[in-house]
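Fold and contact review
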Amino acid sequence: MNDKKQRRSAAWYGKRDTDGFIHRSWMKNQGFPDHAFDGRPVIGVCNTWSELTPCNSGLRDLAECVKRGVWEAGGFPVEFPVTSLGETQMRPTAMLFRNLLAMDVEESVRAYGIDAVVLLGGCDKTTPGQLMGAASVDLPALVVSAGPMLNGKWRGKDIGSGTDVWKFSEAVRAGEMSPAEFFAAESAMSRSRGVCMTMGTASTMASLSEAMGLAMPDNGALPAVDARRAAMAHRAGNRIVKMAEEGLVMSRVLTRESFENAVIVNAAIGGSTNAVVHLLALAGRVGVNFALDDFNLGADVPLLVNCMPSGEYLMEDFCYAGGMSAVLAELGHLLRPAKTILGGDISDYADGAECHNRDVIRPFDAPLKPAAGIRVLRGSLAPRGAVIKPSAATDSLLEHQGPAFVFENIEDLHAKIDNPDLPVTKDTVLVLKGCGPKGYPGMPEVGNMPIPRRLLADGVRDVVRVSDARMSGTAFGTVVLHVAPEAHDGGALALVETGDEVRLSVKEGALDLLVDDAELARRRERWSPPAPRHERGYASLYIDRVLQADKGADLDFLAGKDTRTPERESH
Ligand code: FES
């Protein structure tokens, strides 16, 4: 064990002066005994529990399990709340507040006398927000995720959060499902506490936390209500005390190799496109050389996990089939050596792994799809990049050229999409502007625009869609997202007009607006930025300082490694 005097917490709880009296005395009002302040590691338990974040509703119980493990290992656990982000409950979009959570976590971790921190998150933006904030302070840290809900069950079949909501809503619009059936399905979908049980953003980020060595084995897939998740949280409490003693800080785990592993694993699990902005922002916080084009590392990685939205099963099935360790075993030859919170290499997480259902986790040489990773697109319509998730797209649309139909903003889309006379065909490319980081603001998950009603009536279920928005990790379709620069920032997207030809080639990584330069120059002359929608408080700060999607949509003053020590002077 390190010399106790060297612990960060000693500057709060180890002092024999008035400061020390104040720090200890007020904490003792909670009944903590003298020996809690004997120099043992003080472990922050950073909790995003909230009734307004139903996905994280199990985190109170998991926090108790973590704390049990901390006490058992000789540490002193202290739980504290941070901003919680309920994806389905917040408006305009939880992503607007991811950076606010990251600031909350960073300032809380830095301001209090803790030696290490356990991050309790789950719902989509809570995991990346916590990781970004903690990474900026660079104490020892690990992730304990809320875990997925049990499978949805309705009328004898499994239904998945998000993915089936999109399908049901299109079925209602097409007249194939009654409103009464639609409402009946909602209670059957969310049957237990936990996050969306599809491979949406929450399960993607929990799984990637595991694959990056930031969480205990099995963190990604164990259901929220499985007793083994509680036991895992207990062991995480044991482990974080040892990490504090070893000085195993986040930057020793968050290396370029761990980000490359995240890209490879994200392809194999059919993970969310939201991982792109979250991983880029996280890399920016620790100064790792990792950029948008590095996502092409996953382009040829096969899709192994047969989970919605890219496949047909759900997270409970993924768990019972072997979970992330079985995937890591399949990918072993591709993975880079990278340190984990357990102190060893990520390959250790695959030790003894077995697959118990080959339809859910496919072998590397017999995948669900041969080349599934997120592709980065560039071209005249996206000079700084855009992304597409081929595993969730229609193969025949991945090479496509067609005329644009433009929605100037989300209100324009809502006003027109169900117009029975909308001049669109199955070849039309739907283009949506004004939904990037600054434009909406917060880059909402609206990129998977509804299929126009007149096309639904013709049996069309997918068309090429292009926007500066994101889409839910549970969504699917031939959807080009994160176009940068966004329309609001004067990107080429702002200049697209209905009738322009747009060309998508996933094979070539290209997204082009086929309009000649002279015409584009004329349009740019006429263009002026729309007025911002929010003009006060945090939203105003966000609009002024947010980076574009190709940089992870972090705030510019938070990007880059913080070279200060994580100490704060006591008062
Ligand atoms: Fe919270 Fe899906 S809405 S995880």
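Coordinates for the structure precede this section.
Description of the layout of surface pockets
Rolled over the atoms, a probe as big as a water molecule pinpoints where empty space is left. Empty space within the second largest pocket amounts to approximately 330 Å³. Tyr 13, Met 27, Val 78, Tyr 112 and Gly 113 are the residues nearest the centre of the second largest pocket, which is lined by 15 residues in total. Listed by contribution, the elements that provide at least two residues to the lining of the second largest pocket are helix H1 (10–13), helix H2 (18–28) and strand S2 (76–81). Here the residues of the lining of the second largest pocket sort into 11 nonpolar, three polar and one charged.

Considerations on the state of the cysteines
Counted under the stated rule, the structure contains zero disulfides. The thiol sulfur of Cys 319 is not disulfide-bonded, and the nearest other cysteine sulfur, from Cys 307, lies at 11 Å.

Quick word on empty space enclosed by the protein
This structure, assessed with the given rule, holds one cavity of 30 Å³ or more. Residue lining of the largest cavity: Val 276, Leu 292, Gly 385, Ala 386, Val 387, His 482, Ala 549 and Asp 550, and that is the complete set. A total of three residues in the lining of the largest cavity trace back to one element, the largest contributor, which is strand S8 (residues 382–388). Its residues placed into classes, the lining of the largest cavity shows five nonpolar, two polar and one charged.

A word on the nonpolar core
Counting residues in hydrophobic clusters, the biggest one holds 133 residues, and the most contacted among them are Val 144, Phe 259 and Phe 318. Of all the elements, helix H12 (residues 274–286) adds the most residues to this core, at nine residues. Grouped together as the second largest cluster of nonpolar side chains are 29 residues, Leu 381, Val 406, Val 480 and Leu 511 included.

Regarding the packing of aromatic side chains
This structure, assessed with the given rule, holds 13 aromatic pairs. Ring pairs connect the aromatic residues Tyr 13, Phe 32, Phe 37, Trp 71 and Phe 76, which therefore count as one cluster. Above the plane of the ring of Trp 49 lies Arg 60, whose end atom (NZ or CZ) is 3.7 Å from the centre. A cation over an aromatic ring shows up here: Lys 167 above the ring of Phe 476, its NZ or CZ 5.4 Å from the ring centre.

Quick notes on the pairing of S2
Sheet topology places strand S1 (residues 42–47) next to S2; six bridges connect them, and they run parallel. Within the sheet, the bridge partner assigned to Val 42 lies in S2 and is Phe 76.

Re unusual backbone geometry
Residue Pro 441 is bonded to the preceding Tyr 440 through a cis peptide linkage, with omega at 0°. With respect to the element layout, Pro 441 can be found in the loop between strand S10 (429–432) and helix H16 (453–457). Non-glycine residue Asp 218 carries a positive phi angle of around 80°. Counting through the fold element by element, Asp 218 comes out in the loop between helix H8 (201–211) and helix H9 (227–246). Taking the relative accessible area as the measure of exposure, Asp 218 reaches 34% and is therefore partly exposed. Notably, His 482 is not glycine yet its phi reads approximately 60°, a positive angle. Looking at the element boundaries, His 482 is found in the loop between strand S12 (479–481) and strand S13 (501–505). The exposure class assigned to His 482 is buried, which follows from its relative accessible area of 3%.

Conventions we followed
Residues numbered from 1 in each chain as written. Predicted model: local features only at pLDDT ≥ 70, side-chain atom pairs only at ≥ 80, totals over all residues. Heavy atoms only, no water. 1 Å grid on protein atoms, 1.4 Å probe; cavity = no way out; pocket = protein on both sides within 12 Å on 5 of 7 lines; lining within 4 Å. Points joined across faces, edges and corners; volume = space filled by probe spheres on them. Helix = DSSP H or I, 4+ residues; strand = E, 2+ residues; numbered from the N terminus. Nonpolar A, V, L, I, M, F, W, Y, C, P; charged D, E, K, R; others polar. Disulfide = S-S within 2.5 Å. Core = buried A, V, L, I, M, F, W, Y, C linked by side-chain atoms within 4.5 Å. Buried < 20%, exposed > 50% of the residue type's maximum accessible area, 1.4 Å probe, protein only. Phe/Tyr/Trp six-rings, centres within 6.5 Å; stacked < 30°, edge-to-face > 60°. Lys NZ or Arg CZ within 6 Å of the ring centre and 35° of its normal. Pairing = 2+ DSSP bridges.

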